[in-house]
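So you can see what is in the structure, the chains are spelled out below.
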Amino acid sequence: MLKTQETTIKSLRYGKFTARETILFCPDHKYDGENLIKYDSDELNQLVPPYSNFAYDVIVFVGISRFFHNKQKFEVQEELLIKYGLHISDGGITNLCDRFLIYTKCVHELACLEIQSVIEERGGYILHIDATVEGDSDCIFVGIDSVNGWVLASRKIKSEKEEQITPSLQEIKSQYGEPLAIKRDMGKGMGKAVSIVFPDVIDTICHQHFVRDVGKDILSEQYGLIRKALIAKKIRTRINRLLEQLIVEISDMGYDVNVTFESFVNCELIELNTNKTVMVYAIVTWILNYPKEGGGLGFPYDMPYVSLYERCVISKNMVDKLVMMMAELKRVYKPLFELKSILEDADDQKIKSVYDGMKNGRELFTELREVLRIESKSVPLSEGLECNSESDVFEMMSDLGRFKKKLSEQLQNYGAENREIKIVLEHLEKYWDKLFVTNFEIDPNDSSKDIKMQRTNNISEGFFRKIKANQRRTHGNKDVGQDLNFYGSYLPMVWNLEDEEYVKTVYGSMEKIPVMFSKVTYEMFKNERERFYSERRGRIIRLKHDDSDIFTIIQNSLENFEMQSNGLLML
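Residues numbered from 1 in each chain as written. Predicted model: local features only at pLDDT ≥ 70, side-chain atom pairs only at ≥ 80, totals over all residues. Heavy atoms only, no water.

Q: Please give an account of the overall build of the protein that cites residues and values.
A: Scanning the protein for helices and strands turns up 24 helices and nine strands. Taken across its 571 residues, the protein has 49% of its residues classed as buried. (Helix = DSSP H or I, 4+ residues; strand = E, 2+ residues; numbered from the N terminus. Buried < 20%, exposed > 50% of the residue type's maximum accessible area, 1.4 Å probe, protein only.)

Structure follows, in structure tokens:
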């Protein structure tokens, strides 16, 4: 016997208890080199990690509560105390979250052969690669098998350069073999790394990124001019300042904004004199809702300053009518004239000229989206886009071929000066071979086993969105850059636990997660832990109506007032 030691353990299964452990050694085989060979309790090792007071089941409980149930630390603490009689400090919860992520990564590494077996049985895998940042956070690279949605690898990188991405791809290749195909964005670093590590694998680019790249080249210059002009005129700033003034006035007058606003559709014109503040407030609110026209995809899918300009022009006509109605009532309302002045500045002839000049480019961009089935009314990142059959692929290729031929003929007719058409054709020539690949037939007698090729990289884009949304719910904070710095490449790996097949393959079941954690050697945990820590780094008044409802009510209200007007000032 070497020694006897006592440790206070906190466990969900056994509660808080004291474990007395006898450590043995062999006098004849005492050392392995310079290290003393010790024999401790197998039973205790299966229950609690070495040098820890918290059992594996507590680690799992805290990790699941935080990362999957979005619970605040105090909520986890309360539940542990009420259900299990365990008191754990705030710092203890943080430490257990860290351990949960580290063990999850370790078990994934230990299960490489099992994961590879599932991949081979399925017929192979499609590798989607992408990287994400949030503000000034670190960059996280992720490789996902799109066939089952599993994260195969995750690594923190300094940038999306080839030398940063190559090691991650080499790791995936050594553990899971070569994929059937790769789907990626259009970054040069990604493309070069793929050509180095997987030179013989089909390399395809995301349709959504391709369309975005074309749109940027077509529209960036003109959009930049509109954005710059509106910023120089301080249009949004001035409208926001006016909004604040209106909020103060509404608060002082004690308006019930929603009731007053809804009454405009049927009220008498004379009542406009009393409730004019709410009408102006509604118009200003609708203008400032311009970002809602976008789908959150960024430029050029979303063009917020174009939307701001369009709403200012539309609102200018509304305000002109409202000014005439107020004149008919022999009233002058200063905020209304301030808004009129702002909108007149926005409705600038130079801006209009640039806006009109964007028409052809916007139509080309929209047409390209339609040909590639990246529909304007849907949000491409919300779900994967795949081809259901080989005929779908050939149909889309044919449509794109006809589109390309049409543009080539137009270019000959218009001459070399048509900049937008030239840009589209140059992109199609350069990336044609990387746009399409048919689905992979696994069993000639069973088409349901075909591995479908995604047309976009949405599976990884959506995955990043899900992680960020989850962390925002957990913290109530829009900025999740700190989470990417804090948890690094370990956060994506834990989301494999959402997939039943993954859990069954790697753990057996959710209930067996603590058991699998206990199979991680202390040496492996310690090395992974070192890597883990080395990675670390006024009151608003709201209209309850939807954006479209606000616009409709404003229009209907103005029509109501026009009908009551004597018409002289509406000419």
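Q: So what's going on with helix H4 (residues 90–110)? Which residues, and what values?
A: Between its first and last C-alpha, H4 extends 31 Å over 21 residues, near the 30 Å set by a 1.5 Å rise per residue. A large share of H4 lies buried, amounting to 16 of its 21 residues. (Expected span 1.5 Å × (residues − 1).)

Q: Describe helix H6 (residues 162–176), naming the residues involved and giving the relevant values.
A: End to end, H6 covers 21 Å across 15 residues, agreeing with the expected 21 Å (1.5 Å per residue, within 8%). For H6, the full list of buried residues reads Ile-165, Thr-166, Ser-168, Leu-169, Ile-172, Gln-175 and Tyr-176. Those residues of H6 that are buried lie in contact with H4, helix H5 (112–122), strand E5 (126–132), strand E6 (139–145), strand E7 (150–157) and helix H7 (188–197). Count one or two residues on from H6 and you reach Gly-177, which has phi positive near 80°. (Contact = heavy atoms within 4.5 Å.)

Q: Pulling in residues and values, what's your account of the pairing of E7?
A: E7 sits mainly inside the fold: seven of its eight residues count as buried. Hairpin geometry of E6 and E7 is characterised by an intervening segment of four residues between the two adjacent antiparallel strands and by a positive phi of about 80° at Gly-149. (Pairing = 2+ DSSP bridges.)

Q: Let's hear about the sheet that holds E6: which residues, and what values?
A: A sheet is described by the order of its strands in space; here five strands give the open sequence E7-E6-E5-E8-E9, paired in mixed fashion. Two strands close off the open sheet at either side, each with one partner strand: E7 and strand E9 (202–205). Neighbour-to-neighbour, the strand axes of the sheet open up by a mean angle of 20°, direction not taken into account. (Axes fitted to C-alpha atoms, helices over the stretch in contact; angles between N-to-C directions.)

Q: Explain unusual backbone geometry to me, using residue names and the numbers behind them.
A: Phe-299 connects to Pro-300 through a cis peptide bond whose omega is 5°. Looking at the element boundaries, Pro-300 is found in the loop between helix H11 (272–288) and helix H12 (304–328). One non-glycine residue, Lys-330, lies in the positive phi region at around 60°. Positionally, Lys-330 belongs in the loop between H12 and helix H13 (334–346). Residue Arg-373 is not a glycine yet carries a positive backbone phi of 60°. Along the chain, Arg-373 falls in the loop between helix H15 (359–371) and helix H16 (390–414).

Q: Run through the environment of Lys-183, naming residues and quoting values.
A: Here Lys-183 lies in strand E8 (residues 181–184). Given a relative accessible area of 1%, Lys-183 falls into the buried group. Through-space distance from the C-alpha of Lys-183 to that of Cys-206 is 6.4 Å; in sequence the pair is 23 residues apart. Not counting chain neighbours up to four residues away, the residues in contact with Lys-183 comprise Leu-127, His-128, Ile-129, Thr-204, Ile-205, Cys-206, Met-453, Gln-454, Arg-455, Thr-456 and Asn-457. Within polar-contact distance, the side chain of Lys-183 engages the side chain of Thr-204 at 3.1 Å. (Polar contact = N/O pair within 3.5 Å; in protein donor to acceptor, adjacent residues only side chain to side chain.)

Q: With reference to specific residues and values, describe the nonpolar core.
A: Among the nonpolar cores identified, the biggest contains 84 residues, and Phe-210, Leu-272 and Ile-554 are the most heavily contacted of them. The residues contacting Phe-210, other than those within four sequence positions of it, are Met-186, Ile-205, Leu-368, Leu-372, His-427, Leu-428, Tyr-431 and Leu-435. Judged by nonpolar contacts, the second largest core, of 66 residues, contains Phe-61, Ile-64, Phe-67 and Ile-119. (Core = buried A, V, L, I, M, F, W, Y, C linked by side-chain atoms within 4.5 Å.)

Q: Can you tell me about the packing of helix H2 (residues 56–67) against helix H3 (residues 73–84), naming the residues and giving the values?
A: One way to put it is that H2 packs onto H3 with a least axis distance of 10 Å and a crossing angle of 140°. One finds that H2 runs oblique with respect to H3. Seen along the crossing, H2 lies across H3 with a hand that is right-handed. Within the contact between the two elements, H2 uses Phe-61, Val-62, Ser-65 and Arg-66 and H3 uses Lys-73, Val-76, Glu-79, Leu-80 and Tyr-84. (Parallel < 35°, antiparallel > 145°, perpendicular 65-115°, else oblique. Left-handed = near helix turned anticlockwise from the far one by under 90°.)

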